[in-house]
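Structure at a glance
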Amino acid sequence: MADLSVNIAGVEFNNPIIAASGTIGFGHEYGELYPLSVFGGISCKGTTLQERPGNPPPRIAETPMGMLNAVGLQNPGVEHFVNVELPWLKKQNTVVIANAAGSTEEDYCKITEILSDSDVDMIELNISCPNVKKGGAQFGTSPESVEKITSAVRKHCTKPLIIKLSPNVADIASVALAAESAGADAVSLINTLTGMRIDINTRRPVIKNVTGGMSGPAVFPVAVRMVYQVKKAVKIPVIGLGGITTWQDAIEMIIAGADAIQIGTVLFTDPYAPIRISEGIQGWMDTHGIASIRELTATVEI
Amino acid sequence: MKFDAQDCILVGKYRIAPTIYDFRLKNPELASITAPGQFAHILIPGKTLRRPISVCDVEDDVIRVVFEVRGEGTAILSEFKVGDTVNIIAPLGRGFDIPKDKKIIFVGGGIGVPPMLYSAKTAGNSCIVINGFRDKSAVILTEDFKGIGCTLIETTDNGSYGIHGFVTGPLAEVIDGADMVCACGPTPMLKNIAKMAKEHAKECFVSLEQRMACGVGACLGCAVGIKKEDGSVTYKHVCKNGPVFNAEEVAW
């Protein structure tokens, strides 16, 4: 049997499939269907210092082969996460990644400090949420701003630090390099692409927030391209995500340059996707005589 | 098991109004745990998002769903043929609590009528059902409701069938004799029913709709504004906290 385990910034994952932040909450719901250990790791719902109510509805719109969302970081706050969600998550035999968001640099530093004192295995810094008015993506849209926030947070962070990158930038490789040079242990990409839908009869946006983050199979080729570009630019591990739907997509993303992958929107179509994808990867590797998934990363031949 | 994603066999398909279909989905395991007011999240081939459809009835090992063709997704669903496999996540959400010792009025509007069938059946023949439709062509499930022995009142907006007017007309005449009102339908209708129930000091539960993604409570997409005790509004979710909410809590 092929070895699916990967190591990201010193953390061992049983398999390279991580649940993407915002699509699995804190794991309880999909945990009704299967043990959460089917995932190598779980990136939890984006968490802020204080509880946030999120955006007014509608928050969801369907798009060709994808969807828009503008949930707006609805979450119960970091204290609840650490005291209530984390103790349960730590028993699920999967890597627990906290996804940290904020409105100011100070917020990001504070929440990182609190999470560094907790039992989370890793911290993923969400500087790319397109759906909140203040903060979020504003920190993630230029190499300068990414370098600044990453170095500030790094000083407070004793856990492996993943910077989650926005695709809504001119040059993703330079943004990833900025994160690396400021002390990131890994990068994950891509967050959602900013999109919009309009109801032609009412002439109103479908989503109350006007714009939303686009995800799903439609964004997959964009994600593959960006992961490929980032992997060429940086030495730190790259976690690839964006529209992965099948096991073939997962392998393609790894060949493009991903050391691990995240799946998100596909869970809404098929809740059993993590099992289907890991079995598919396993079968393909066995057929091709590939002993370890690590041999596959960044093996695209140009 | 609370819910699961499983295949069902489409064992019956009926077009019961020009744009409304009645599907019978066979799955003994899921049927056995489905309660009134819950919904099934139906996989649509070629679509990223499933379609949440309320359960109309459960008979033995068959879950019955009645849906209206409203867009591309439901149009694709309507093309399924008897014998086809339909993948659903079910049963989902919190349905109607139906106390046996209370007199309940069920009110359905348009495509909000189907979930009232299983609910009224569960309540028994002492209940009153008031169903409202746009016009005669949209009237559905009359014989089914008659079959459960409830008192059935039907209205159409234009008077082409049944009582002329909205459901709130007949509701006003019978509400004082009831303990509780359960309703599903367009938001303006639900809002008016909630207001009337409050004026008559009756408990009122409403089944709400919202654009939905995961269906299970993970993504927080299908938000609905809920009043907190201090008067501020928080968001709960149609898929997990609902679709049935106490009307008093809803920030209309």
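What to know about the overall build of chain B
Tallying secondary structure elements over chain B gives 6 helices and 15 strands in all. Whereas a compact globule of 252 residues would reach a radius of gyration of roughly 18 Å, chain B reaches 17 Å, a difference of no more than 12%. Each of the three principal axes of chain B carries a C-alpha extent, and together these read 45 × 45 × 35 Å. For chain B, buried positions account for 51% of its 252 residues. Within chain B, counting contacts between residues at least 6 apart in sequence, those at least 24 apart form 59% of the total.

Comments concerning the nonpolar core
The biggest cluster of nonpolar side chains holds 183 residues, and the ones touching the most others in it are Val 187, Val 227 and Ile 261 of chain A. Here this core spans two domains, since at least three of its residues come from each of domain 1 (4–92) and domain 2 (104–207) of chain B. If sequence neighbours within four positions are ignored, Ile 261 of chain A has contacts with Pro 16, Ile 17, Ile 18, Ile 239, Gly 240, Leu 241, Ile 244, Ala 250, Met 253 and Ile 254 of chain A.

Details of the confidence of the model for chain B
As a general rule, the predicted coordinates of low-pLDDT regions are not to be interpreted in detail. For chain B, per-residue confidence averages 96 on the pLDDT scale, and residues scoring 70 or more make up 100% of the total. For this predicted complex, the interface confidence reaches an ipTM of 0.94, while the overall pTM sits at 0.95.

Topic: the domain arrangement of chain B
It is common to give the size of an interface as the accessible area lost on bringing the parts into contact. Residues and elements named next belong to chain B. Splitting chain B by domain gives domain 1 (4–92) and domain 2 (104–207). On a C-alpha basis, the centroid separation for the pair domain 1 and domain 2 is 23 Å. Contacts between domain 1 and domain 2 engage 13 residues on the former and 12 residues on the latter. Within the residue set of the side of domain 1 that touches domain 2, elements represented by two or more residues are strand E1 (4–17), strand E4 (51–59) and strand E5 (62–68). When residues of the side of domain 1 that touches domain 2 are assigned to their parent elements, the largest contribution, 5 residues, is made by E4. Here the side of domain 1 that touches domain 2 is built from residues that sort into 9 nonpolar, 2 polar and 2 charged.

What counts, and at which threshold
- Residues numbered from 1 in each chain as written.
- Chains lettered and ligands numbered in written order.
- Predicted model: local features only at pLDDT ≥ 70, side-chain atom pairs only at ≥ 80, totals over all residues.
- Helix = DSSP H or I, 4+ residues; strand = E, 2+ residues; numbered from the N terminus.
- Rg over C-alpha atoms; globule rule 2.2 N^0.38 Å.
- Buried ≥ 20, exposed ≤ 12 C-beta atoms within 10 Å, placed from the backbone.
- Contact = placed C-beta atoms within 7 Å.
- Core = buried A, V, L, I, M, F, W, Y, C linked by C-beta atoms within 7 Å.
- Domains from an automatic or database assignment.
- pLDDT = per-residue confidence, 0-100.
- Nonpolar A, V, L, I, M, F, W, Y, C, P; charged D, E, K, R; others polar.

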